[in-house]
Amino acid sequence: MSLDKETIKELRKLKEKHPMPEQDPRERIKNFDEVPFGYDQETAVKEAMRCLQCKDAKCVEGCPVEVDIPGFIKLIQEEKFDEGIKKLKEKNNLPAVCGRVCPQESQCESFCVRGKKGQPVAIGRLERFLADYELAKGVEKPEKPAPSGKRVAVVGSGPAGLTAAGDLARMGHEVVLYEAFHATGGVLRYGIPEFRLPKEKILQREVDYIASLGVDIRTNVVIGKTITVDELFDEEGFHAVFIGTGAGLPQFLGIPGENCNGVYSANEFLTRTNLMKAYKFPEWDTPIKLAKKVAVVGAGNVAMDSARTALRLGAEEVHIVYRRSDKEMPARAEEIEHAKEEGVIFNLLTNPVKIIADENGWVKGMECIKMELGEPDESGRARPVPIKGSEFIFDVGTVVIAIGNSPNPLIPQTTSGLELGKKGTIKADSDGATTRKGIFAGGDIVTGAATVILAMGAGKVAARAIDRYLSTL
Amino acid sequence: MFKIVTKKVLSEVNKLMEIEAPLVARKAQPGQFIILRVRENGERIPLTIADSDKEKGTITIIFQEVGKTTKELGTLEVGEYLSDFVGPLGRPMELPTAPGRVVAVGGGVGIAPIYPKVKAFHDAGMEVVSIIGARTADLLILEDEMRAVSKELHICTDDGTKGHHGFVSDILQKMLDDKSQKIDEIIAVGPLPMMRVIANQTRPYGVKTLVSLNPIMVDGTGMCGCCRVSVGGETKFSCVDGPVFDAHEVDFDELTRRSRTYLDEEKIALEKFEHDCRCGGGK
Ligand SMILES: Cc1cc2nc3c(=O)[nH]c(=O)nc-3n(C[C@H](O)[C@H](O)[C@H](O)COP(=O)(O)OP(=O)(O)OC[C@H]3O[C@@H](n4cnc5c(N)ncnc54)[C@H](O)[C@@H]3O)c2cc1C
Ligand code: SF4
Ligand code: FES
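Residues numbered from 1 in each chain as written. Chains lettered and ligands numbered in written order. Predicted model: local features only at pLDDT ≥ 70, side-chain atom pairs only at ≥ 80, totals over all residues. Heavy atoms only, no water.

Remarks on the pattern of salt bridges
Inference 1: A complete count under the given rule lists 64 salt bridges over all chains for this structure.
Inference 2: In this structure, Lys89(A) engages Glu134(A) in a salt bridge whose closest nitrogen and oxygen atoms are separated by 2.9 Å. With Lys89(A) in helix H6 (residues 81-91) and Glu134(A) in helix H9 (residues 123-137), the pair connects residues that are 45 residues apart, well separated along the chain.
Inference 3: Between Glu143(B) and Arg147(B) there is a salt bridge, with the nearest N and O atoms lying 2.9 Å from each other. With Glu143(B) and Arg147(B) both in helix H4 (residues 143-149) and four residues apart, the pair spans about one turn of that helix.
Inference 4: Relative accessible area serves as the criterion here: at 18%, Glu143(B) is assigned to the buried category.
Inference 5: For Arg147(B), a relative accessible area of 42% corresponds to the partly exposed category. (Salt bridge = Lys/Arg side-chain N within 4 Å of Asp/Glu carboxyl O. Helix = DSSP H or I, 4+ residues; strand = E, 2+ residues; numbered from the N terminus. Buried < 20%, exposed > 50% of the residue type's maximum accessible area, 1.4 Å probe, protein only.)

Structure follows, in C-alpha cells:
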C-alpha cells in the first residue's frame, strides 16, 4: 500500500485519531475478550502520517522511558515495521503491554503538537500495532552476550522486575527472577483484567521473551520467607539484588462492616478473577461470589477494572462510588470511557460511611454521605467535605474496595539496612540504589502505587546502575 | 513442580504426604503453613506444615479430605507432582520462655495441625498434656505420634467408639477445675465451633489460650485481605499476622460467617469432581 501525495497531505491535516475498532459494549460485557481490536496495517500507516516528524519532538519528553517516538512512527510511515519494532524495543522491553495500558493521554500524547488543534497522534495505538505485528510474526531473539560472571537476583516479576531482569541478562549477567505467586507478571497478571491485557496472547509472550534472554524464572518463592535477602547474598551467592515487589497491600476504608461477607478488596476481587480465573468456575476451581448490585469504591484504574469485571461476571448494576468529582478521577481516560459505555454508573462526591449486613453477615447495603469540594489538600486536589445530613443507603449486595494499595512490608521487615519512606516504601536514589550496598529497588515499592511504564523505567535505570556497580566489584 | 515422595493413608479420610520442597524445608518452623495448588486450574489452599526434614528436603502435610481440592490431592500417588507449593508462610509459633505445662487440644481436622505444635513444645522442654478428639474412632489419627511427644494423652470420640464418650471440652473442663495442676498455656486447633467453645470455656479462668486459624486464603502473603479476621477489635490478616492468635480476642462469629462465603460453590465443585471421577474424566 502506498499513499499518494494528496492523501498524505489530507492526513497531515486530519484533526482526529483514526478510531480503533472495538467490541460492541453490549456484547463485550458478556465476555472477557479484549475490547479494542487494534489497528490493521492500513490504518496504522494512515495514522502514522498524521505525525509531523517534529525536529524537537515534544512527545518524547512525555515518555518516561524516552522512546524515540518520531523515529518509530517514521518507520511505520515507510511501512518498515520490522525496523519500527526494533526502534521501539531499544527503549521499551514490553511494548505490547505499554501500548495497551499506558496512560498516554497524560504522557506522550499530552505533549504532541497535533493535540493543540484536535487530537494528538495515537502514539499508544501505533505502539500496540508494532508490538502485535511482531508477536504475530514471531519474536526475534537477540544474541546472547558474553557472560560477565556476575549474578543478580531480581525479586518480583511485575513490570519493574521483568524489565530489570531482561536488561541485566542482555548485559551478560546471570539473572534469577523470583516470584511469590505461581505465575509471573505482577499486576499485569493478577490485577489488570484479561479484556484489557490478554494473558496468554500478550503477557505470557512478553514474559517468554524475557526468559528467552536467559533469565531463570523461579515462581513460588516468597523472598523474606522462603529465602531472605541476606541469604541471597550469603548463601545463594548473588552479587546484587533488585527489589521490585510492588505495592500489593490492600487498603481498606476502616468503616464499620468492612469484614462482612461480600466485601472484597480490589486485590482479592481481581486476583480471584484474573490469576485464578474465577470467571471460568467450575472449570477452574476458585470461586467468586457476586450480588446483582455491586458498588466499587474508588475511581482509579483499579476501580474501573473492578467495575468492568463485575459486569462481565454477571452483575446487573455496577456503581462507582467516589468521594471527589469527575475531574479528580485518577483512572486512564479510556478506562473511564469504556466503563461508561458499558453502563457503569458513576456516583461522584459520595463517600461510604458504613456497610450494613443482613442477619447472616452478608452485605445488604452501604450507607454513604454526599460530599462537596472544599479547599485544596496536600495533593493539590480539592478536599471533599461531607454535607451534613445527606446520608443515604445504597442497597448493594457486593462491595469492592479499590481505594489504593501500599507496599508489602515483607521484605523491609526481614532485611536490615533498608531505609523506608513514610508509607512503607523503600528509599532509593535516582539510580534505584537503596541505603544498603548492592541492593537496588524500583517500581511501586519505591514510588507507591503508580504506573506500568514508571515501574519499567525504574527497572531500566536500576539495571544500568547495577551493571555499573557490578563492574566495581 | 513438586514431587510426592511418601503417601500414607492414616484413616479413611486422612492422608499424609511428604513433598519434595527443599527451599521450604530449610526454613519451616512450627506454626507455619504452606499453600499448594494440585494442578494448573486448581485452587490455592493452605495446609499446616506437619513436619519438615532439612536433610531430605521434604515437607510433611496431613490433610482430611473435606472438599474438592483435598479429595483430589488424596487421589495423587507417590511419584506424581503438585503444580505449586509455596512457603513457609505465616509467623512461627512463639514458644514460652519459662518451662511450664501446656494443654494442647486437637479436634478432628485439627489433630494434624496441632501435632507439630505439641512436638515443638515438647522439644522446648515443656510438659504437654494433649487431648485429641474426633467424631468416631476411625477418624482419630496420629495417636502414637501424639503420645510420643505428650506427657499424657487423652482421647475422646463423639460416638464413644474410643476413649471418653464426649467432647474434648469435657476433659479440658476437668483440667481447668483441677486446682492442683497449674496450666500455663492452652493451644487449641480444630473446627471453628470447637475453638469457639474452648475460647469461651477458658476465658473465665484467665488461662492464656491460643488458636490456630484456617480461614479462606488466596495468596497467603498479605496481598488480598481475604483471610482477614477481627482480633481484639482490630482487623488482622491471618496469613501474615497469624495464623496463631489469642483465642480470647478472636471474633469467632465473624470468622464463622466468613468461612461460609463459598459453601454453595464448594458443593458445586465437589459434585463436579465426583461426577468427573465416576465418568473417568477426572484429573
Ligand atoms: C488493577 C490495576 C490496574 C492498573 N492499571 C494500570 C494501567 O492501566 N496503566 C498503568 O500504567 N498502570 C496501571 N496500574 C498500576 C501498575 O500496574 C503498577 O504501577 C505496576 O504494575 C507496578 O509494577 P511493579 O513491577 O513495581 O510491581 P507489581 O506489578 O506489583 O509486581 C510485583 C511483583 O512482586 C511479587 N512479590 C511481592 N513480594 C514478593 C516477595 N516478597 N517475594 C517474591 N515476589 C514478591 C508480586 O507477587 C508481584 O508479582 C494498575 C494497577 C492495578 C492494581
Ligand atoms: S509531537 Fe506528535 S507530531 Fe510531533 S513527533 Fe511527536 S507524535 Fe509526531
Ligand atoms: S490470604 Fe491474601 S492476605 Fe492473607
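Read on, since the account is not over.
Some remarks on the side chain of Asp167(A)
All names here are of chain A.
Inference 1: The topology assignment puts Asp 167 in helix H10 (residues 159-170).
Inference 2: Exposure remark for Asp 167: the relative accessible area of 10% places this residue in the buried category.
Inference 3: Within the structure, the side chain of Asp 167 is placed 3.1 Å from the side chain of Lys 460, a separation counted as a polar contact.
Inference 4: Aside from chain neighbours lying at most four places away, what touches Asp 167 is Asn 93, Lys 460 and Ala 463. (Polar contact = N/O pair within 3.5 Å; in protein donor to acceptor, adjacent residues only side chain to side chain. Contact = heavy atoms within 4.5 Å.)

With respect to the site of ligand 2
Inference 1: Residues in contact with ligand 2, as listed here, are Cys51(A), Leu52(A), Cys54(A), Ala57(A), Cys59(A), Pro70(A), Cys112(A), Val113(A), Arg114(A) and Ile123(A).
Inference 2: Here the shell around ligand 2 is built from residues that sort into nine nonpolar, no polar and one charged. (Near = heavy atom within 4 Å. Nonpolar A, V, L, I, M, F, W, Y, C, P; charged D, E, K, R; others polar.)

With respect to the packing of aromatic side chains
Residue and element names in this part refer to chain A.
Inference 1: Counted according to the given criterion, the structure contains 12 aromatic pairs over all chains.
Inference 2: Judged by centre distance (4.0 Å) and plane angle (15°), the ring pair of Phe 32 and Tyr 279 falls under stacked. With a gap of 247 residues between them, Phe 32 in the loop between helix H2 (25-28) and helix H3 (41-49) and Tyr 279 in the loop between helix H14 (266-275) and strand S7 (293-297) connect regions that are remote in the sequence.
Inference 3: Members of the aromatic cluster, connected to one another through ring pairs, are Phe 32, Phe 195 and Tyr 279.
Inference 4: Here the basic side chain of Lys 89 rests over the ring of Tyr 209, its NZ or CZ set 4.0 Å away from the ring centre. (Phe/Tyr/Trp six-rings, centres within 6.5 Å; stacked < 30°, edge-to-face > 60°. Lys NZ or Arg CZ within 6 Å of the ring centre and 35° of its normal.)

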